[in-house]
Amino acid sequence: AARVKAEKDAEEARAARVKAEKDAEEARAARVKDAQDAESERAARVKAEKDAESERAARVKAEKDAEEALAAKEKAEKDAAKALADKDAEVQKLKDRINVLEGDG
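In this text the structure is predicted, and so the values were computed from the model without any measurement. (Residues numbered from 1 in each chain as written. Predicted model: local features only at pLDDT ≥ 70, side-chain atom pairs only at ≥ 80, totals over all residues. Heavy atoms only, no water.)

A. Representation of the overall build of the protein within the structure. Broken down by element type, the protein carries 1 helix and 0 strands. In summary, the protein has a C-alpha radius of gyration of 45 Å against a globular reference of 13 Å for 105 residues, an excess of more than 25%. (Helix = DSSP H or I, 4+ residues; strand = E, 2+ residues; numbered from the N terminus. Rg over C-alpha atoms; globule rule 2.2 N^0.38 Å.)

Below, the structure is given as structure tokens:
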């Protein structure tokens, strides 16, 4: 009877040890999953920051492009005004010359 009890106690001890090992393995798996979740959150945060930086860079580029377009438009208007003034001066020279020729005739 004592031997049967001892075997039963040993079997219960083995079962308890197996259960403890299983619990420890589940705890390790939970820690690994928590670490993976934290890493995923970090990666998502880094991506969000990178996306925000890309948006900022695109906005800065758009502003710079708009400024360049405005400068080009202003230069074109200035060039057109100069060309018009040159034509006016050319017309005035021709009129003066006509007046001189008519005065001679």
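Continuing now.
B. A look at the pattern of salt bridges. Within the structure shown, the criterion is met by 16 salt bridges. With a closest N to O distance of 2.5 Å, glutamate 25 and arginine 28 form a salt bridge. One end of the pair is glutamate 25 and the other is arginine 28, both in helix H1 (residues 2–104) and 3 residues apart, which spans about a single turn. Under the relative-accessibility criterion, glutamate 25 is labelled partly exposed at 44%. Owing to a relative accessible area of 38%, arginine 28 belongs among the partly exposed residues under this scheme. For glutamate 39, the salt bridge is made with arginine 42, and the minimal N-O distance between the two is 2.7 Å. Here glutamate 39 pairs with arginine 42, and both are found in helix H1, just 3 residues apart, close to one helical turn. In this structure glutamate 39 comes out as partly exposed when scored by relative accessible area, which is 43%. (Salt bridge = Lys/Arg side-chain N within 4 Å of Asp/Glu carboxyl O. Buried < 20%, exposed > 50% of the residue type's maximum accessible area, 1.4 Å probe, protein only.)

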